[in-house]
Amino acid sequence: MATKGKNALPSPSDPQTQSESTAALLRELVALLRQNRTQLREEWARRITRAQLLTAMTEEEIFAEATSVYDNYVEALETGTFEALQAYARNLSERIIPRGVETHEVVGIVLLLRDVLARSLFAKYHEDFDKLNRILDAYEPAANRIANTVAVGFVQERERIIRQQQEAIRELSTPVLQVRERLLILPIIGVIDPQRARQLTEQLLRAIRTNRAKVVVIDITGVAAMDSNVANHLVQTVEASRLLGATVIVTGLSPEIAQTLVTIGVDLSEMATVGDLQGGIEEAERLLGYKVLPLEEVSPKT
Amino acid sequence: MEVPILKQGHYLIASIQSALTDADLSQLREALIERVGRFRARGVIVDVTALDVMDSFAVRTLRDIAHMARLRGSETVIVGIQPEVAFAMVQLGLTLKGVSTALDLEEGLAFLDRQTQLRIERGSARLDRG
């Protein structure tokens with residue numbers, strides 16, 4: 001490969017140089033990059049370590065990845081097609097995202113490679129400014145497109161993972177649990193977005209019907225933050241439950257949420273609230289006419 | 001379609017069987033309010049189990065029935081609102097404020113029993129004090 005590359009190199013004084021097409025220039029470039037593969041690759045890996053990128057990976061791993069990125073990079077330059085590179089970028093992202101590699105690191109290493117290669121071109125052609133210019137004209141757009149492809153591939157992969165996780169969270173749908181005859185509890189954990197709020201309400205209403213519930217305790221201890229949208233969803237859930245003849249008790253409002261709700265002026269006057277889940281269940285039992293007594297009191301020893 | 005109104009003890013039960021026009025609803029309202037007096041009913045139950053939509057006119061009529069019946073000395077409870085209907089109503093802001101609701105006919109009867117019992121107790125307490 002290296003010898004072939006050398007043969008393809010025309011001398012700077014070649015009169016043909018003027019009419020060289022971009023493709024030919026790229027071919028020349030590729031040959032050059034192949035020829036200096038070891039040296040450039042090492043330089044690149046060194047720069048990556050120095051810039052403290054990919055800190056989650058060992059030096060050997062960086063070198064191995066650098067090698068395959070380098071080869072794919074050169075190949076993309078050579079063939080002008082980006083499918084292989086795209087697939088590789090996706091594959092690479094799939095491997096490194098779980099290890100905590102950030103977007104700026106991936107973009108950073110690709111830009112570093114671009115810089116390393118550009119410098120090698122400067123070094124090679126610095127005596128022939130005209131030729132350097134043309135080589136760079138051919139190199140820049142291709143290199144930019146490669147950087148773009150890799151970065152976009154990485155971000156897309158990340159977004160795919162985020163979407164997947166969102167779905168997973170959504171599937172961990174909130175259970176509606178019956179704790180006593182006609183008493184349901186609905187512990188809400190995590191973020192409530194409009195879609196989830198809707199799902200929650202529908203689920204709760206259906207459960208009220210099937211379990212013939214009279215009282216529902218909604219526990220929001222696990223809800224970190226609440227805005228007016230979420231609060232309104234909650235109010236709607238309470239009202240809808242009432243239409244089915246069930247009383248709702250909301251428990252576990254944190255001090256922060258209480259402050260937020262009062263500050264943004266959500267009208268919660270229709271809502272029965274109790275400090276914690278235990279208090280809520282006790283209140284619900286009282287509404288249902290239950291009374292919990294220690295065993296001794298129920299059947300005192302004679 | 002006319003809504004049948006049944007008398008059950010001290011209570012009147014209006015069981016809506018199909019979607020009603022506005023005229024049907026008004027007619028139901030008048031019939032119920034008239035019969036509250038005629039049968040000296042203590043409670044009215046409107047069963048809407050069969051309805052899968054409820055528009056603002058229907059909700060307003062139900063609310064009017066409840067308020068008018070109360071003025072005539074009778075407690076009203078709406079029973080059998082479907083979960084989907086409840087959800088839609090709340091989203092439209094039709095929340096039947098001030099009107100009692102119960103899951104189904106059985107619950108509605110139990111509710112009225114409790115309600116009238118309370119009224120009797122309150123009344124006798126007042127008498128005792130007087």
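No experiment lies behind these values; they were computed from the predicted model shown.

A short note on empty space enclosed by the protein
All names here are of chain A.
Argument step 1. The full count for this structure, using the stated rule, is 6 cavities of 30 Å³ or more.
Argument step 2. Looking at the largest cavity, its volume works out to about 100 Å³.
Argument step 3. Considering the residues around the largest cavity, the lining is formed by Leu186, Ile188, Ile192, Ala197, Leu200, Thr201, Leu204, Ile218, Val230, His233, Leu234 and Thr237.
Argument step 4. Only strand 2 (183-189), helix 8 (194-211) and helix 9 (228-243) provide two or more residues apiece to the lining of the largest cavity.
Argument step 5. Here the residues of the lining of the largest cavity sort into 9 nonpolar, 3 polar and no charged.

Some thoughts on the nonpolar core
Argument step 1. One finds Ile208 and Ile218 of chain A together with Leu32, Val48, Met54, Ile81 and Met89 of chain B to be the most contacted residues of the largest nonpolar core, which totals 67 residues.
Argument step 2. Listed in part, the 49 residues of the second largest apolar core include Phe82, Leu92, Val116 and Ala147 of chain A.

Describing the sheet that holds strand 3 (residues 215-222) of chain A
Residues and elements named next belong to chain A.
Argument step 1. The 5 strands lie next to each other as 1-2-3-4-5, forming an open sheet whose pairing is mixed. Edge positions in the sheet fall to strand 1 (177-180) and strand 5 (272-274), since each has one partner strand and no second. This sheet shows a mean twist of 30 degrees between the axes of neighbouring strands, independent of strand direction.
Argument step 2. Alignment of strand 1 against strand 2, held across 3 bridges, turns out to be antiparallel. Paired with Gln178 across the bridge in strand 2 is Leu184.
Argument step 3. This element, helix 11 (residues 277-288), spans strand 1, strand 2, strand 3, strand 4 (247-251) and strand 5 of the sheet and lies at about 175 degrees to strand 3.

Some words on the pattern of salt bridges
Residues and elements named next belong to chain A.
Argument step 1. Scanning the entire structure with this criterion turns up 24 salt bridges over all chains.
Argument step 2. A salt bridge links Glu102 to Arg158; its shortest N-O distance comes to 3.6 Å. Here Glu102 is found in the loop between helix 5 (83-96) and helix 6 (103-125), whereas its partner Arg158 is found in helix 7 (residues 129-171), with 56 residues between them in sequence.
Argument step 3. Looking at Glu102, the relative accessible area reads 36%, which means it is partly exposed.
Argument step 4. Asp115 serves as the salt-bridge partner of Arg119, at 3.0 Å between the closest nitrogen and oxygen.

Some remarks on the layout of surface pockets
Take a probe with the size of a water molecule and roll it over the atoms, and the empty space left behind shows itself.
Argument step 1. Size it by volume and the largest pocket reaches roughly 510 Å³.
Argument step 2. Lining the largest pocket are 22 residues; nearest its centre among them are Lys214, Val215, Gly245 and Thr247 of chain A together with Arg114 of chain B.
Argument step 3. Counting residues per element, the ones that place at least two in the lining of the largest pocket are helix 9, strand 4 and helix 11 of chain A together with strand 5 (100-102) and helix 4 (105-129) of chain B.
Argument step 4. Considering every element that reaches the lining of the largest pocket, the biggest residue donor is helix 4 of chain B, with 4 residues.
Argument step 5. Each residue belonging to the lining of the largest pocket can be placed in one class, and the counts come to 11 nonpolar, 5 polar and 6 charged.

Looking at unusual backbone geometry
Residue and element names in this part refer to chain B.
Argument step 1. Not every positive phi belongs to a glycine, and Arg40 is a case in point at roughly 50 degrees.
Argument step 2. Examined against the element boundaries, Arg40 turns out to sit in the loop between helix 1 (22-38) and strand 3 (43-47).
Argument step 3. Taking relative accessible area as the criterion, Arg40 reaches 69% and is therefore assigned exposed.
Argument step 4. The phi angle at Leu96 is positive, at roughly 55 degrees, despite the residue not being glycine.
Argument step 5. Mapped onto the secondary structure, Leu96 falls in the loop between helix 3 (83-91) and strand 5.

Details of the pairing of strand 4 of chain A
Along a regular strand, successive side chains alternate from one face of the sheet to the other.
All names here are of chain A.
Argument step 1. Among the 5 residues in strand 4, 4 count as buried, and that is most of the element.
Argument step 2. Relative to strand 4, strand 3 runs parallel, the two sharing 5 bridges. If you follow Asp219 over to strand 4, its bridge partner there is Thr251.
Argument step 3. After leaving strand 3, the chain enters helix 9 and then returns to the sheet as strand 4, a path that is right-handed.
Argument step 4. Relative to strand 5, strand 4 runs parallel, the two sharing 3 bridges.

Some remarks on the interface of chain B and chain A
The extent of an interface is frequently quoted as the accessible surface area lost upon association of the parts.
Argument step 1. The partner chain A presents 18 residues to the 22 residues of chain B that form the contact.
Argument step 2. Both faces combined, the contact of chain B with chain A buries some 1,900 Å², and carbon together with sulfur accounts for 53% of it.
Argument step 3. Viewed at the interface, chain A and chain B are joined by 6 salt bridges.
Argument step 4. In this structure, the salt-bridge partner of Arg212 of chain A is Glu107 of chain B, at a minimum N-O distance of 3.5 Å.
Argument step 5. There are 9 residue pairs in polar contact (both at pLDDT 80 or more) connecting chain B and chain A.
Argument step 6. For the side of chain B that touches chain A, the secondary-structure elements that each account for two or more residues are helix 3, strand 5 and helix 4 of chain B.
Argument step 7. The element that contributes the greatest number of residues to the side of chain B that touches chain A is helix 3 of chain B, accounting for 7 residues.
Argument step 8. For the side of chain B that touches chain A, the residue count by class is 11 nonpolar, 5 polar and 6 charged.

Conventions and cut-offs
- Residues numbered from 1 in each chain as written.
- Chains lettered and ligands numbered in written order.
- Predicted model: local features only at pLDDT ≥ 70, side-chain atom pairs only at ≥ 80, totals over all residues.
- Heavy atoms only, no water.
- 1 Å grid on protein atoms, 1.4 Å probe; cavity = no way out; pocket = protein on both sides within 12 Å on 5 of 7 lines; lining within 4 Å.
- Points joined across faces, edges and corners; volume = space filled by probe spheres on them.
- Helix = DSSP H or I, 4+ residues; strand = E, 2+ residues; numbered from the N terminus.
- Nonpolar A, V, L, I, M, F, W, Y, C, P; charged D, E, K, R; others polar.
- Core = buried A, V, L, I, M, F, W, Y, C linked by side-chain atoms within 4.5 Å.
- Buried < 20%, exposed > 50% of the residue type's maximum accessible area, 1.4 Å probe, protein only.
- Pairing = 2+ DSSP bridges.
- Axes fitted to C-alpha atoms, helices over the stretch in contact; angles between N-to-C directions.
- Contact = heavy atoms within 4.5 Å.
- Salt bridge = Lys/Arg side-chain N within 4 Å of Asp/Glu carboxyl O.
- Right-handed = clockwise from strand over helix to strand, strands pointing away.
- Buried area = accessible area lost by both parts, 1.4 Å probe.
- Polar contact = N/O pair within 3.5 Å; in protein donor to acceptor, adjacent residues only side chain to side chain.

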